[in-house]
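What follows is each chain in one-letter form.
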Amino acid sequence: MNLGRRRFRDRVMAALVVLGTLVVLVPLFFILFYVFAEGLGALNWAFFTQGPRPPGEAGGGMLPAIVGTFVVDLIALVLAAVLGLAAGILLAEYPEHPLNPPLRLVADVMAGLPAILMGLVAFVLVVKPLGHFSGLSGSVALALIMIPIIVRATEGVLKLIPWELREAGLALGLPRWRVVLSLVLPAARGGILTGLMLALARGAGEAAPLLFTAFGNPYLTTNPLEPMDTLPLKIFVYAVSPYEDWHRQAWGAALLLALLIMAASYLARRYAGGRR
Amino acid sequence: MPRWIYRRLGDRLFAGVVVALGLGLVLLALLIAYELYSGAAPALGRFGFFGFLLGREWDAVRGVFGAWPALLGTLITSALALVLAFFPALAAAIYVVELAPAWLKEPVAYLVDLLAALPSVVYGLWGLFVLVPPLRAHVESPLYLWAAAHAPGVLPLLGPPTGIGLFSATLVLALMIVPYASSLARDALALVPREQREAMYALGATRWEVIRGAVIPYARAGIFSGVVLALARALGETMAVTMLIGNSVELPYSLFGPAATMASLIANEFTEASDDLHLSALVAVGLLLLLIALLTNLVATWILNRMQLEGGRR
């Protein structure tokens, strides 16, 4: 091939690469535009302070879903943090422990499983024994999604802490548990918080595992043993409903949820940045 | 506090708690596997594993459950979405690493990753109210009318142009999995050593020839693992697909017509399932989804290891 044709081909391929990138970015802008444009119109005082009206009646708001989102997500994050941090510490601080290979396998497998399966699991483990849907079972489902993210982040950041730090502590006569709690974990704080925030961002957007666990509840409750509504659930139910006003509120909830998730991922980035 | 409590007991206690929680997680995973299996057992026992897997009928009223339609729906949507997503995802990665001016690299990479942060329901909402109406009016209907006039033979393949169906679900699914394929491809491309590129420039290659001949082959293990990660996402994606696919478990499927995937079937019917066999059949679909997800990850790891061994360039 002569040089002219090769140069021409180079240009064509560069143009195709730019085109492919635009194919990805243009829909993203469309989605963000609609979420903000339609969502802003739906946010008003009632949206934040009232519960939903009966089907077909205009007005009402998302208060039970907003409260439910915080309760369900917070319990999930606590559950996931306890198990995830412990597993991460075990993998990184006790690398010779015989439990580590199966534990790593479990974390890898869990990371690759579809979210809806975690809902099935929480249904079998919590809803069935209790006999009814509950916010707690939703938290368990979300926690199962969050755990592998936290394990991976914790193990990764703990392994970045130089061994010299631990050896310095041990040389000063500190027992191993004080070395981990007072030297290693504080040094790794940024990375651990990043992992927690990433897990929160991931879990907060999930609706599928909550369909048959948290289930939804039009009345305001803070009792995690009762069924609860969350924003993703409400978006789904309202979007597939035939009512115009519910569609409007679904956009409002989508905006609120998107802001919540962006805030969590922003915090994750900031903590990650602070580490360096 | 006496010294031995502080040292011996403290160490034992801390290690004990950490190990107990780790063991708890492993046991939890075993419990999950057992519970899913025992939940699925009634349906699998009734129809047999292969009878359930290949059963072409899913009829809750008559109590006949076969997973084939949902399995087929999952395979079709995931494969089509992967085909649609692959080139844009790779292009976005190449653009960020090779072509973009320095000030654009970060923002473009951030925006592509933002696609992964948006919740599935938001994609569904957008698809339902923004994408579907014009898709129905300007793509599906004209195609259908054209086919009706010129090639009536393909009409059963096209199906009713309602806007809600396999086609819309696949388009949105493709968009959702782009960031997973793209971010791993981007990392792999960025890891290609400078010398690799410069050697080829020194031979007089154009920029595209360098990308094509030196960069992409070097990064292919990473590109491939991104593709598999995207596939795993597509297989299990639930909400957006449930909202857009029309949820019909009736074969045969058509391009524009309604269909169902394993995940959408569970999401759609689980809360309504009243009798035990129906519930058990849905858990069995979940178990099947679990097996497919495991298999995907396993194959990916295996091929990835082989590719890296073969490459052996470092």
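Residues numbered from 1 in each chain as written. Chains lettered and ligands numbered in written order. Predicted model: local features only at pLDDT ≥ 70, side-chain atom pairs only at ≥ 80, totals over all residues.

## Quick word on the overall build of chain A
Turning to step 1, where the next piece is worked out: When helices and strands are counted, chain A shows eleven helices and zero strands.
Turning to step 2, where the next piece is worked out: Across chain A, helices and strands are ordered from the amino to the carboxyl terminus as α-α-α-α-α-α-α-α-α-α-α.
Turning to step 3, where the next piece is worked out: At 23 Å, chain A has a C-alpha radius of gyration far larger than the 19 Å of a compact globule built from 276 residues.
Turning to step 4, where the next piece is worked out: Here the C-alpha coordinates of chain A stretch approximately 75 × 70 × 35 Å along the principal axes.
Turning to step 5, where the next piece is worked out: Across the 276 residues of chain A, 50% fall into the buried class.
Turning to step 6, where the next piece is worked out: Sequence separation of at least 24 residues holds for 74% of the intrachain contacts in chain A that already meet a minimum separation of 6. (Helix = DSSP H or I, 4+ residues; strand = E, 2+ residues; numbered from the N terminus. Rg over C-alpha atoms; globule rule 2.2 N^0.38 Å. Buried ≥ 20, exposed ≤ 12 C-beta atoms within 10 Å, placed from the backbone. Contact = placed C-beta atoms within 7 Å.)

## A closer look at the overall build of chain B
Turning to step 1, where the next piece is worked out: Scanning chain B for helices and strands turns up 13 helices and two strands.
Turning to step 2, where the next piece is worked out: What you see for chain B is a C-alpha radius of gyration of 25 Å, clearly larger than the 20 Å of a compact globule of 314 residues, by over 25%.
Turning to step 3, where the next piece is worked out: Principal-axis analysis of the C-alpha atoms places the extent of chain B at approximately 70 × 65 × 35 Å.
Turning to step 4, where the next piece is worked out: Burial status across chain B gives 45% buried among its 314 residues.
Turning to step 5, where the next piece is worked out: In chain B, once contacts between residues fewer than 6 apart in sequence are set aside, the share between residues at least 24 apart is 74%.

## Digging into the domain arrangement of chain B
All names here are of chain B.
Turning to step 1, where the next piece is worked out: Segmenting chain B into domains produces domain 1 (1-47) and domain 2 (50-311).
Turning to step 2, where the next piece is worked out: If you average the C-alpha positions of domain 1 and of domain 2, the two centres end up 35 Å apart.
Turning to step 3, where the next piece is worked out: On the domain 2 side, the residues contacting the nine residues of domain 1 number 13 residues.
Turning to step 4, where the next piece is worked out: Taken together, the residues that form the side of domain 1 that touches domain 2 break down as seven nonpolar, one polar and one charged. (Domains from an automatic or database assignment. Nonpolar A, V, L, I, M, F, W, Y, C, P; charged D, E, K, R; others polar.)

## Quick word on helix 5 (residues 120-150) of chain B
Turning to step 1, where the next piece is worked out: Spanning 31 residues, helix 5 of chain B covers only 38 Å between terminal C-alpha atoms, well under the ideal 45 Å at 1.5 Å per step.
Turning to step 2, where the next piece is worked out: Considering bend angle alone, the principal kink of helix 5 of chain B is centred on R136 of chain B and spans about 45°. (Expected span 1.5 Å × (residues − 1). Bend = angle between axes of the 7 residues up to and from the residue.)

## Some remarks on the confidence of the model for chain B
Residue and element names in this part refer to chain B.
Turning to step 1, where the next piece is worked out: With 97% of its residues at a pLDDT of 70 or more, chain B has an overall mean of 87.
Turning to step 2, where the next piece is worked out: Looking over chain B, one finds the lowest element-wise mean pLDDT in helix 6 (residues 155-158), namely 78, and the highest in helix 3 (residues 68-99), namely 93.
Turning to step 3, where the next piece is worked out: Predicted as a complex, the structure gets a pTM of 0.91 and an ipTM equal to 0.91. (pLDDT = per-residue confidence, 0-100.)

## Some words on the nonpolar core
Turning to step 1, where the next piece is worked out: In this structure, M146, I150, I235 and A254 of chain A together with I177, A181 and V285 of chain B are the most contacted members of the largest nonpolar core, which totals 195 residues.
Turning to step 2, where the next piece is worked out: A per-element tally of this core places helix 7 (residues 166-190) of chain B first, with 17 residues.
Turning to step 3, where the next piece is worked out: Ignoring anything within four residues of it in the chain, the contact list for I235 of chain A reads A250, A253, A254 and L257 of chain A together with V121 and L125 of chain B. (Core = buried A, V, L, I, M, F, W, Y, C linked by C-beta atoms within 7 Å.)

## Regarding the environment of I266 of chain B
Turning to step 1, where the next piece is worked out: Among the secondary structure elements, I266 of chain B is positioned in helix 12 (residues 262-269).
Turning to step 2, where the next piece is worked out: With 27 C-beta atoms counted inside 10 Å, the residue I266 of chain B sits in the buried group.
Turning to step 3, where the next piece is worked out: For I266 of chain B and A284 of chain B, which are 18 residues apart along the polypeptide, the C-alpha to C-alpha distance reads 9.9 Å.
Turning to step 4, where the next piece is worked out: Filtering out sequence-adjacent residues up to four positions away, I266 of chain B remains in contact with I116 and L120 of chain A together with L282, V285 and G286 of chain B.

## Brief notes about the packing of helix 3 (residues 63-93) of chain A against helix 9 (residues 189-204) of chain A
All names here are of chain A.
Turning to step 1, where the next piece is worked out: Closest axis-to-axis distance for the helix 3/helix 9 pair is 10 Å, and the angle between their directions is 135°. Relative to helix 9, the element helix 3 is oriented oblique. The hand of the helix 3/helix 9 crossing is right-handed. Together, T69, D73, A76, L77, A80 and A81 of helix 3 and L196, A199, L200, G203 and A204 of helix 9 make up the contact between the two elements.
Turning to step 2, where the next piece is worked out: Classifying every residue of the contact of helix 3 with helix 9 gives eight nonpolar, two polar and one charged. (Axes fitted to C-alpha atoms, helices over the stretch in contact; angles between N-to-C directions. Parallel < 35°, antiparallel > 145°, perpendicular 65-115°, else oblique. Left-handed = near helix turned anticlockwise from the far one by under 90°.)

## Here's the deal with the interface of chain B and chain A
Buried accessible area, meaning the area lost when the parts come together, often serves as the stated size of an interface.
Turning to step 1, where the next piece is worked out: Tallying the contact residues gives 66 residues for chain B and 65 residues for chain A.
Turning to step 2, where the next piece is worked out: Here the side of chain B that touches chain A takes 19 residues from helix 1 (residues 3-47) of chain B, the largest share from any one element.
Turning to step 3, where the next piece is worked out: Class assignment for the residues of the side of chain B that touches chain A results in 50 nonpolar, twelve polar and four charged.

## Some points on unusual backbone geometry
Turning to step 1, where the next piece is worked out: At F215 of chain A, a residue that is not glycine, the phi angle is positive and equals roughly 70°.
Turning to step 2, where the next piece is worked out: The buried category is assigned to F215 of chain A, around which 20 C-beta atoms lie within 10 Å.

## A few points about helix 9 (residues 207-218) of chain B
Turning to step 1, where the next piece is worked out: Taking 1.5 Å as the rise per residue, helix 9 of chain B with twelve residues should run 16 Å; its terminal C-alpha atoms sit 16 Å apart, in good agreement.
Turning to step 2, where the next piece is worked out: Against helix 1 (3-42) of chain A together with helix 3, helix 7 and helix 8 (194-202) of chain B lie the buried residues of helix 9 of chain B.

## As for the environment of I223 of chain B
Residue and element names in this part refer to chain B.
Turning to step 1, where the next piece is worked out: Mapped onto the secondary structure, I223 falls in helix 10 (residues 220-236).
Turning to step 2, where the next piece is worked out: A tally of 24 C-beta atoms within 10 Å means that I223 is categorised as buried.
Turning to step 3, where the next piece is worked out: In the structure, I223 is positioned 51 residues away from V172 in sequence and 22 Å away in space, judged by C-alpha atoms.
Turning to step 4, where the next piece is worked out: The contacts of I223, once residues within four sequence positions are left out, are L90, A185 and A188.

## Considerations on the domain arrangement of chain A
All names here are of chain A.
Turning to step 1, where the next piece is worked out: Structurally, chain A comprises domain 1 (3-42) and domain 2 (48-275).
Turning to step 2, where the next piece is worked out: With six residues of domain 1 at the contact, the number on the domain 2 side is seven residues.
Turning to step 3, where the next piece is worked out: Class assignment of the residues belonging to the side of domain 1 that touches domain 2 gives a composition of four nonpolar, one polar and one charged.

## Some remarks on the packing of helix 1 of chain A against helix 4 (residues 102-117) of chain B
Turning to step 1, where the next piece is worked out: The contact between helix 1 of chain A and helix 4 of chain B brings their axes to 10 Å, and the two run at 60°. As judged from the angle between their axes, helix 1 of chain A and helix 4 of chain B are oblique. Remark: the crossing between helix 1 of chain A and helix 4 of chain B carries left-handed chirality. Along its contact with helix 1 of chain A, which presents T21, V24, L25 and L28 of chain A, the element helix 4 of chain B presents V108, L111, V112, L114 and L115 of chain B.
Turning to step 2, where the next piece is worked out: For the contact of helix 1 of chain A with helix 4 of chain B, the class distribution of residues is eight nonpolar, one polar and no charged.

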